[in-house]
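Geometric and topological summary
Given next are the chains, with one letter for each unit.
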Amino acid sequence: MIHSSAIISPNSKIGRNVTVGPNCIIYDNVVIGDNTTIDAFCEIGYPTELAEGQPLIIGSGSHIRSHSVFYEGSSFDEGLVTGHRVTVREKTIAGKNLQIGTLSDFQGDCLIGDYVRTHSNVHIGKHSKVDSFVWIFPYVVLTNDPHPPSNIQMGVVVKEYAVVATMSVILPGVIVNEHSLVAAHSLVNRDVPEGMVVAGNPAKVICEAVEIKLKGLDESAYPWPSHFTRGYPSSVVSEWKSKFSR
Amino acid sequence: MIHSSAIISPNSKIGRNVTVGPNCIIYDNVVIGDNTTIDAFCEIGYPTELAEGQPLIIGSGSHIRSHSVFYEGSSFDEGLVTGHRVTVREKTIAGKNLQIGTLSDFQGDCLIGDYVRTHSNVHIGKHSKVDSFVWIFPYVVLTNDPHPPSNIQMGVVVKEYAVVATMSVILPGVIVNEHSLVAAHSLVNRDVPEGMVVAGNPAKVICEAVEIKLKGLDESAYPWPSHFTRGYPSSVVSEWKSKFSR
Amino acid sequence: MIHSSAIISPNSKIGRNVTVGPNCIIYDNVVIGDNTTIDAFCEIGYPTELAEGQPLIIGSGSHIRSHSVFYEGSSFDEGLVTGHRVTVREKTIAGKNLQIGTLSDFQGDCLIGDYVRTHSNVHIGKHSKVDSFVWIFPYVVLTNDPHPPSNIQMGVVVKEYAVVATMSVILPGVIVNEHSLVAAHSLVNRDVPEGMVVAGNPAKVICEAVEIKLKGLDESAYPWPSHFTRGYPSSVVSEWKSKFSR
């Protein structure tokens, strides 16, 4: 299941039943779990001194799509799924079943929870902290430098179940609290309170998330796990049922 | 004209005088028209169950530039031209002479007219409908989910000759009507009336498009086919001459 | 140091101690300086008639990361460094030690000074002029067409030491003057005065850059060379010491 054109370092540690596509490059300092698929044209474990010798660890049951680049020194729990041409740099620690959209760019030194989803072309700045069950939509940027360029990096924090909609920028050090929603095309320059919706440039609180109704229904669209469960394991969904049912 | 390092499925149907670059991968369920060029490092017909067995059809006289990924289940009429690293997912039906800019990402289930142009890094959400002669500029996002994440998808509609300028977001279900112009960096949360210019966050109508003059001239810049004809066939241009001359 | 799977035109001119990674393609009309590294899956010197026969020149001591595409007809002085999947089209002339971030897209016909840095996913429109020591952050777009689509191109000018923060759009023909700062998520529709900060949509002057203090310190964050020197040669840093010390 390793394509003959793939270039695999003999020092890499590759699990059972791993598929590696044409022309892939797997470098030295890499550990790949069982039952993982890596598509064509990927670079896995791209060397960098910034990793300080730490390996790249890809959990079991993962699928990395074509043209992606992962640096050494990051670690992903089981069930990582990516789109195409993803970049992930060193020293990011991610939980299980992270989904990274096509063209997304994780800059490194990040802490990512379980079941996080980023859609296409999301930019996660260095030192970001993204908790479990967060959703981040296309062209969102999490920044870190309060007065660029400088040596000070204040990562953004996005807390559980928060949602950041497309083309929004979160300024350095801002906390996006649990169950909040950042509307599309917003510039967020202060903390987003728990369960609130912010919008605009600069973003202001406009309502509670729970006030937003599902289209055509008299039912709240948030917290979103009350109606959206696609792609989550049944253990999570049944926990949500007791937690978020109305 | 098929490079020796390309990997071509014997089940694919490849026309006459087709060029396939180094390291390209062409999967099973693919039909490629005559006189088409596919550059290096492309994946053509990437398999997905979501295509439900439909093939990827690339019309004749097309040119797909390097590092692009096309899923099975979409169809393009003749004269498709792309930049580099384009992604097109399943079940998009496109007319002739579509031009897709570098890094653009078509999410699938879209309906695209003839002679549509997207510049670099355009994101076309699922269920978008983009009519003929539309222009979409860099970093524009056509969205579809009114309360993300959810199971409801309301595609954007962009009508003939409309123009969406750079870094604008069109919210779900919005109709951008004929000959309108969405100015740069706008958030469009309601329908754009025919022939009008909208700008801002949220976008408001600011004038009629016909009021915008060509730089240094006492001549309207819109409708744009009155002065801009580069890259269109003479049959189209002569039709425009009678339709849009002043 | 040329990988056996790389495809190198015998007409290209490759200096001493050059490393070329797996599956790279180097076309005919290319000159590569000594001690340069080109990673896997790059296309170097992609042919285009628009180059009018001019070669692609990559200065010595450069490093082009994987999946990048450089067209023929551009020229880079020594010490070019790029991220992954960079695109640079024809007829761009750049000074020394240009750093181009992952996914950035230079559209061609640009003039770039020395020590310019673009972060990830920056779009430099045709006919842009970016002077020495400029910083451009992720998802910034420099535009050029005042009434798209048209045949008129008015490039943006960004002058020495100016900084454009993330997700900002600079409209055609605008001059961003020396030592100014465009705040994140701005739409800039008029010239930015020297040393001033602009923000918003449309962007307005909000203060002098020198009024912004470094976090936790009673010291100006601008001009940034007074405190940020990482990655610049000692000759530059010592010149800055006399010029920008306080």
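Conventions used here
Residues take numbers from 1 onward in each chain, read along the sequence in its written order. Starting at A for chains and at 1 for ligands, labels are handed out in the order in which the entities are written. Where local features are concerned, this predicted model is filtered to residues with pLDDT of at least 70; where side-chain atom pairs are given and counted, the filter is 80 or more; whole-chain, interface and lining totals use all residues. Hydrogen atoms and water are omitted, and side-chain values are computed over all heavy atoms in the structure. Note on conventions: DSSP H or I runs of at least 4 residues are helices, E runs of at least 2 residues are strands, and numbering of each starts at the N terminus. Two things to know: the radius of gyration comes from C-alpha atoms, and the globule rule equals 2.2 Å times the number of residues to the power 0.38. The contact criterion used throughout is that any non-hydrogen atoms of two residues lie within 4.5 Å. Residue-level accessible areas treat just the shown protein chains as cover; the underlying method is Shrake-Rupley with a 1.4 Å probe. Buried area: the accessible area, evaluated with a 1.4 Å probe, that two parts lose upon being put together, summed over both parts. Any Lys or Arg side-chain nitrogen found within 4 Å of a carboxyl oxygen on Asp or Glu counts as a salt bridge. Side-chain atoms alone can form a polar contact between residues adjacent in sequence; in general such a contact is a pair of N or O atoms within 3.5 Å, and within protein one must be able to donate a hydrogen while the other accepts it. Only protein chains enter the accessibility calculation, which uses a 1.4 Å probe; a residue is then buried when its area is under 20% of its type maximum, exposed when over 50%, and partly exposed in between. Pairs were defined over the aromatic rings of Phe, Tyr and Trp, the Trp ring being its six-membered one, requiring ring centres within 6.5 Å. Orientation was assigned from the angle between planes: stacked under 30 degrees, edge-to-face over 60, tilted for the rest. Two strands are counted as paired when DSSP detects at least two bridges linking them. Arc, as used here, means the arc of the directions from the helix axis to the C-beta atoms. Each copy is superposed on the other by least squares, with the fit set by C-alpha atoms of residues at a pLDDT of at least 70 in both. The quantity called pLDDT is the predictor's confidence in a given residue, expressed from 0 to 100. Put simply, a disulfide is two cysteine sulfurs that come within 2.5 Å.

**A look at the overall build of chain A**
Summing up its helical and strand segments, chain A has one helix and 30 strands in all. Scaling as 2.2 N^0.38, a compact globule of 246 residues should have a C-alpha radius of gyration of about 18 Å, and chain A matches this with 19 Å. Pairs at least 24 apart in sequence give 23% of the contacts found in chain A among residues at least 6 apart. When the accessible surface of chain A is summed, it comes to about 8,800 Å², and 51% of that surface belongs to carbon and sulfur atoms.

**Some words on the interface of chain B and chain C**
Every contact between the two is made by 38 residues of chain B and, on the other side, 39 residues of chain C. Buried area between chain B and chain C, summed over both chains or domains, comes out near 2,800 Å², and the portion from carbon and sulfur atoms is 63%. For the pair chain B and chain C, the number of links is zero salt bridges. Counting across the chain B and chain C interface gives 19 residue pairs in polar contact (both at pLDDT 80 or more).

**Brief notes about the interface of chain B and chain A**
By a widespread convention, an interface's size corresponds to the accessible area lost as its parts come together. Each partner contributes residues to the interface: chain B has 39 residues there, and chain A has 38 residues. Both faces considered, chain B and chain A share a buried interface measuring about 2,800 Å² in area, 63% of it formed by carbon and sulfur atoms. Summed over the three residues of chain B that lose the most area to chain A, namely His147, Pro148 and Pro149 of chain B, the buried surface amounts to 21% of that side. Taken together, chain B and chain A are joined by zero salt bridges. Linking chain B with chain A are 19 residue pairs in polar contact (both at pLDDT 80 or more).

**Structural notes on the side chain of threonine 118 of chain A**
All names here are of chain A. Following the sequence through the fold, threonine 118 ends up in strand β18 (residues 117-118). For threonine 118, a relative accessible area of 6% translates into the label buried. If we ignore the near neighbours within four places in the chain, the residues touching threonine 118 are Gln99, Ile100, Gly101, Ser104, Phe106 and Ile136.

**Comments concerning the packing of aromatic side chains**
All names here are of chain C. Tallied over the entire structure, the rule returns 59 aromatic pairs over all chains. For the pair tyrosine 161 and tryptophan 240, a centre-to-centre distance of 6.2 Å together with 65° between the ring planes defines the contact as edge-to-face. Here tryptophan 240 lies in helix α1 (residues 234-244) and tyrosine 161 lies in the loop between β23 (157-158) and β24 (163-164), a separation of 79 residues in the sequence. For tyrosine 161, a relative accessible area of 4% translates into the label buried. Look at tryptophan 240 and you get buried, because its relative accessible area is 2%.

**Let's talk about the pairing of strand β30 (residues 203-208) of chain A**
Residues and elements named next belong to chain A. Two strands pair when backbone bridges link them, and strand β29 (residues 196-200) and β30 are joined in this way by five bridges, in the antiparallel orientation. Within β30, the position partnered with valine 197 by the bridge is cysteine 207. What sits between β29 and β30 in their antiparallel hairpin is a turn of two residues.

**Structural notes on helix α1 (residues 234-244) of chain B**
Residues and elements named next belong to chain B. Taken as a whole, α1 has its buried residues at Val236, Val237, Trp240 and Phe244. Down the axis of α1, the buried set is contained in an arc of 95°. They therefore lie on one face. In α1, those exposed residues whose orientation departs by more than 90 degrees from the buried face are Ser234, Lys241 and Ser242.

**Here we look at the environment of valine 81 of chain C**
All names here are of chain C. Here valine 81 shows up in strand β12 (residues 81-82). The sequence separation of valine 81 and glycine 45 amounts to 36 residues, and the corresponding C-alpha distance is 17 Å. Contacts of valine 81, omitting those with residues within four sequence positions, involve His63, Arg65, Leu98, Gln99 and Ile100.

**Looking at the pattern of salt bridges**
Residue and element names in this part refer to chain A. Taken as a whole and judged by the stated rule, the model has 21 salt bridges over all chains. Notably, a salt bridge pairs arginine 89 with glutamate 90, separated by 3.4 Å at the nearest N-O pair. Taking relative accessible area as the criterion, glutamate 90 reaches 1% and is therefore assigned buried. For aspartate 218, the salt bridge is made with lysine 213, and the minimal N-O distance between the two is 3.6 Å.

**Some details on the relation of the copies chain B and chain A**
The second copy of the chain is related to the first by a rotation about an axis and a shift along the axis. Turning chain B through 120° and shifting it by 0.0 Å along the axis lays it on chain A, with an RMSD of 0.0 Å. The transformation just described matches what one would write down for a three-fold rotation axis.

**So, the sheet that holds strand β7 (residues 43-46) of chain C**
Sheet strands pair by backbone hydrogen bonding; their relative direction is either parallel or antiparallel. All names here are of chain C. Within the open sheet, the ten strands sit side by side as β1-β4-β7-β10-β13-β16-β19-β22-β25-β28. Their pairing is parallel. Sheet topology places β1 (7-8) and β28 (187-188) at the edges, where each strand pairs with a single neighbour. Judged from the two bridges that link them, strand β22 (residues 141-142) and strand β25 (residues 169-170) form a sheet pairing that is parallel. By the bridge assignment, valine 141 is partnered in β25 with valine 169.

**Remarks on the sheet that holds strand β17 (residues 111-112) of chain B**
Overall, parallel pairing links the nine strands, which are arranged β2-β5-β8-β11-β14-β17-β20-β23-β26 (chain B) in an open sheet. Each edge of the open sheet is held by one strand with a lone partner, namely β2 (13-14) and β26 (175-176) of chain B.

**Overview of the confidence of the model for chain A**
Considering every residue of chain A, the mean pLDDT works out to 97; 100% of them sit at 70 or more. What the predictor reports for the complex is a pTM of 0.98 with an ipTM of 0.97.

**Side note on the environment of aspartate 39 of chain C**
You can see aspartate 39 of chain C is positioned in the loop between β6 (37-38) and β7. Once the C-alpha coordinates of aspartate 39 of chain C and histidine 3 of chain C are considered, the two residues, 36 residues apart in sequence, prove to be 9.9 Å apart.

**Remarks on the state of the cysteines**
All names here are of chain A. Under the defined criterion, the tally for this structure stands at zero disulfides over all chains. No disulfide involves cysteine 24; its sulfur sits 4.5 Å from the nearest other cysteine sulfur, which is in cysteine 42. Using a relative accessible area of 0% as the deciding quantity, one classes cysteine 24 as buried.

**A look at the environment of isoleucine 8 of chain C**
In this structure, isoleucine 8 of chain C sits in strand β1. In contact with isoleucine 8 of chain C, not counting residues within four places along its chain, are Ile2, Ile14, Val20 and Ile26 of chain C.

**Comments concerning the pairing of β7 of chain C**
Residues and elements named next belong to chain C. For strand β4 (residues 25-26) and β7, the ladder comprises two bridges, and the chain directions are parallel. Bridge pairing in β7 places isoleucine 26 opposite isoleucine 44. Direction of pairing for β7 relative to strand β10 (residues 69-71): parallel, over a ladder of three bridges. The residue bridging isoleucine 44 from the neighbouring strand is phenylalanine 70, located in β10.

**Quick look at unusual backbone geometry**
Looking along the chain, the bond that leaves tyrosine 222 of chain B and enters proline 223 of chain B is cis, with omega of 0°. Residue placement: proline 223 of chain B occurs in the loop between β30 (203-208) and α1. A cis amide bond links asparagine 201 of chain C to the next residue, proline 202 of chain C, at an omega of -5°. Phi at histidine 127 of chain C takes a positive value of approximately 70°, unusual for a residue other than glycine. Mapped onto the elements of the fold, histidine 127 of chain C is located in the loop between β19 (123-124) and β20 (129-130). Even without being glycine, tyrosine 161 of chain C reaches a positive phi, approximately 70°.

**Concerning the side chain of threonine 48 of chain A**
Residues and elements named next belong to chain A. Here threonine 48 shows up in the loop between β7 (43-46) and β8 (56-58). One polar contact links the side chain of threonine 48 to the main-chain amide nitrogen of leucine 50, over a distance of 3.2 Å. Contact partners of threonine 48, with chain neighbours within four places excluded, come to Tyr71, Glu72 and Glu90.

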